[in-house]
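# An overview of the molecular structure
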Amino acid sequence: MKVIFLDFDGVITTEWSSFKIEHEKIKLLNRLIEETGAKVVVSSAWRYRDGDPVKSLQEQLEGHGFKGEVISITNLNWEDRGKEIDDWVREHDIESYVVIDDDVADIVGYKCADFLIKTNMQEGLTDDVVEVAKALLKGGR
């Protein structure tokens, strides 16, 4: 299994959209998923949802044209996200993964930082980010 650890703010939402999910960013995410077969694990403050957060996030993304599958979220504790991602990777059988995030302060220093692609709040997910992510996902961990 290939996994995309996905932050929302600064990735599929930007300052330009007042941090609302952007259709164009979802199209880029869909392309990444279609070309790699990756699944999504949400590693974002957006993971805090009432009820079933995975189902809620899946439905919310589908409302914006998302064609992929949200399979999980990282730990719901406010630990360092790098630790949460490393723990998730250790507990699951995955072939490769990528971390796409704009805020890397709590990821640097963890093993998952080797698979990190940093975006910025103004641009979010771009064609260039998708190409780097595809290469990481095809290269294995």
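As the structure is a computational prediction, the values presented were derived from the model and not from experiment.

The pairing of strand S1 (residues 2-6) with strand S2 (residues 39-42) spans four bridges and is parallel. Bridge assignment links isoleucine 4 to a residue of S2, and that residue is valine 40. With helix H1 (residues 23-36) bridging S1 and the parallel S2, this β-α-β connection has right-handed handedness. Taken together, the three bridges between S2 and strand S3 (residues 70-73) define a ladder with parallel strand orientation. Bridge pairing in S3 links valine 40 to valine 70.

Glancing now at the side chain of threonine 74. Relative to the helices and strands, threonine 74 resides in the loop between S3 and helix H3 (81-91). Judged by its relative accessible area of 1%, threonine 74 falls in the buried class. Within the structure, the side chain of threonine 74 is placed 3.1 Å from the side chain of glutamate 84, a separation counted as a polar contact.

A few words on the sheet that holds strand S5 (residues 116-118). Taken in spatial order, the five strands make up an open sheet running S3-S2-S1-S4-S5, and their pairing is parallel. With partners counted over all chains shown, the strands left at the sheet margins are S3 and S5, one partner each. On average, each strand axis in the sheet is tilted by 25° relative to the strand beside it, whichever way the strands run. Two elements, S1 and strand S4 (residues 96-101), share five bridges in a ladder whose sense is parallel. Bridging across to S4, leucine 6 finds its partner in isoleucine 100.

Conventions adopted
Residues numbered from 1 in each chain as written. Predicted model: local features only at pLDDT ≥ 70, side-chain atom pairs only at ≥ 80, totals over all residues. Heavy atoms only, no water. Pairing = 2+ DSSP bridges. Helix = DSSP H or I, 4+ residues; strand = E, 2+ residues; numbered from the N terminus. Right-handed = clockwise from strand over helix to strand, strands pointing away. Buried < 20%, exposed > 50% of the residue type's maximum accessible area, 1.4 Å probe, protein only. Polar contact = N/O pair within 3.5 Å; in protein donor to acceptor, adjacent residues only side chain to side chain. Axes fitted to C-alpha atoms, helices over the stretch in contact; angles between N-to-C directions.

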